[in-house]
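# Chain and residue survey
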Amino acid sequence: MSIADNLIAFTLAATLLTVTPGLDTALILRTATVEGRRQGLRAALGINVGCLLWGAAVAFGLGALLAVSELAYSILKYCGAAYLAWLGVNMLMRPRHSLAPIATQPRTQSNWFLKGMMGNLLNPKVGIFYVSFLPQFIPHGQPLIAWTFILVGIHVALGLLWAMVLVSATHSLAGVLRREKVIAALDRATGLLFVIFAVRLALSRR
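Residues numbered from 1 in each chain as written. Predicted model: local features only at pLDDT ≥ 70, side-chain atom pairs only at ≥ 80, totals over all residues. Heavy atoms only, no water.

Rules: UniProt positions are given in the numbering used here, feature names are shortened, and annotations may be inferred rather than shown by experiment.
By the naming in an unreviewed UniProt entry, the protein chain is LysE family translocator, taken from Pseudomonas taiwanensis. Recorded under Subcellular location (unreviewed entry), the UniProt text for the protein chain is reproduced unchanged: "Cell membrane".

## Focus on the overall build of the protein chain
For clarity, the threshold we go by: Here a helix means four or more residues in a row that DSSP labels H or I, a strand means two or more in a row labelled E, and each is numbered from the N terminus. Residue burial is assigned from relative accessible area. The probe radius is 1.4 Å, only protein chains are included, and a residue is buried under 20% of its type maximum, exposed over 50%, and partly exposed in between. Contacts: residue pairs with any heavy atoms within 4.5 Å of one another. Exposure was quantified through the Shrake-Rupley algorithm and a 1.4 Å probe, taking into account, for residues, occlusion by the shown protein chains and nothing else.
Looking only at helices and strands, the protein chain features nine helices and zero strands. Secondary structure elements in the protein chain, listed N-terminal to C-terminal, are α-α-α-α-α-α-α-α-α. Looking at the protein chain residue by residue over its 206 residues, the buried ones come to 43%. Considering only contacts within the protein chain whose residues lie at least 6 apart along the sequence, 86% involve residues at least 24 apart. As presented, the protein chain carries roughly 10,700 Å² of accessible surface, and 70% of it is formed by carbon and sulfur atoms.

## Considerations on the environment of Val 126
Within the secondary structure, Val 126 is located in helix H6 (residues 124-133). C-alpha of Val 126 to C-alpha of Trp 54: the two residues are 72 residues apart in sequence and 7.1 Å apart in space. Those residues in contact with Val 126, other than ones at most four positions away along the chain, are Trp 54 and Asn 120.

## Some details on empty space enclosed by the protein
Rolled over the atoms, a probe with the dimensions of a water molecule shows which regions are left empty. As a reminder of what qualifies: Cavity: a set of points on a 1 Å grid over the protein atoms alone where a 1.4 Å probe fits but cannot get out. Pocket: an open set with protein on both sides within 12 Å along at least five of seven lines, its lining residues, like those of a cavity, having an atom within 4 Å of a point. Grid points are joined across faces, edges and corners, and a volume is the space filled by probe spheres set on the points. Just so you know the grouping, Ala, Val, Leu, Ile, Met, Phe, Trp, Tyr, Cys and Pro go in nonpolar, Asp, Glu, Lys and Arg go in charged, and all remaining residues, Gly too, go in polar.
With the rule as written, the count across this model stands at one cavity of 30 Å³ or more. In this structure, the largest cavity occupies an estimated 40 Å³ of space. Secondary structure elements with two or more residues in the lining of the largest cavity: helix H1 (3-19) and H6. Each residue belonging to the lining of the largest cavity can be placed in one class, and the counts come to seven nonpolar, one polar and no charged.

## Remarks on the packing of aromatic side chains
A ring pair, where both rings are aromatic, is described by two values, the distance of the centres and the angle of the planes. Using the following cut-off: Paired rings are identified among Phe, Tyr and Trp, the last through its six-membered ring, by centres lying within 6.5 Å, and are further divided according to the angle between planes into stacked (under 30 degrees), edge-to-face (over 60) and tilted (the rest). Note on geometry: a ring has a charge over it if NZ (lysine) or CZ (arginine) is within 6 Å of the ring centre and within 35 degrees of the ring normal.
Summed over the entire model, instances satisfying the criterion amount to four aromatic pairs. With 5.7 Å between their ring centres and 65 degrees between their planes, Phe 60 and Phe 149 make a pair best called edge-to-face. Separated by 89 residues along the polypeptide, Phe 60 in helix H3 (residues 37-68) and Phe 149 in helix H7 (residues 144-168) bring together distant segments of the chain. What makes Phe 149 partly exposed here is its relative accessible area of 32%. An aromatic cluster of three or more residues is present, and its members are Phe 10, Phe 133 and Phe 137. Lying over the aromatic face of Trp 112, Lys 115 brings its terminal NZ or CZ to 4.6 Å of the ring centre.

## Digging into the UniProt feature "transmembrane region" (unreviewed entry) in the protein chain
When the UniProt feature table is mapped onto this chain numbering, "transmembrane region" (unreviewed entry) sits at residues 6-29, 41-65, 71-92, 112-133, 145-170 and 182-203. Span residues 145-170 is 96% helix and 0% strand, its end C-alpha atoms 36 Å apart.

## Some remarks on H1
Which entries qualify depends on this criterion: A helix is expected to span 1.5 Å for every residue after the first. Each direction from the helix axis to a C-beta atom contributes to the arc, which is the arc of those directions.
Taking 1.5 Å per residue, 17 residues should reach 24 Å; H1 reaches 24 Å between its end C-alpha atoms and fits that length. Every buried residue belonging to H1 is among Asn 6, Ala 9, Phe 10, Ala 13, Ala 14, Leu 17 and Thr 18, and all of these are buried. Considered in projection along H1, the buried side chains sweep an arc of 160 degrees and stay on one side of the axis.

This is how it looks when you write it as structure tokens:
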């Protein structure tokens, strides 16, 4: 695939992953609904800063590891493929029909930027996901660290755009995204995408 093809493929995949309802979506919707749009945007900004920090950790750690070890590359590739396949099969076979509830709390002056950021930083699945998902969109021969930041930047930009849509249309979108059929359909689509990329990753060569 050319550089443009990789960017387009990643952007399409990341868009689908971004709009699939999950804990981040539920947190933004809850915060914007209960504490106002400004706090919802702060939570979204914190979530995406957390993604950037995970991306930096993955970029530097992954680059140093893969540069010196063919064995590490192979282990990471197959572990990543297995992880994506496991996620995908679970989403295909057991799609959710409701969002995980976010506890309702009274209005406070909570630091939702910090809460959103720490929620992502304390979730190792974000790092594992980046390690398993990003490398297959990095063109052969291109600098690993730079491209990891480019892809994470695209993911973060999409996340911020989607957060602004969520916050600006809190009530109408919250109703749609909480529908059982919508959640199940998005889970199945994302699961199929994961399985396809797992196969692609397992068959890829350095």
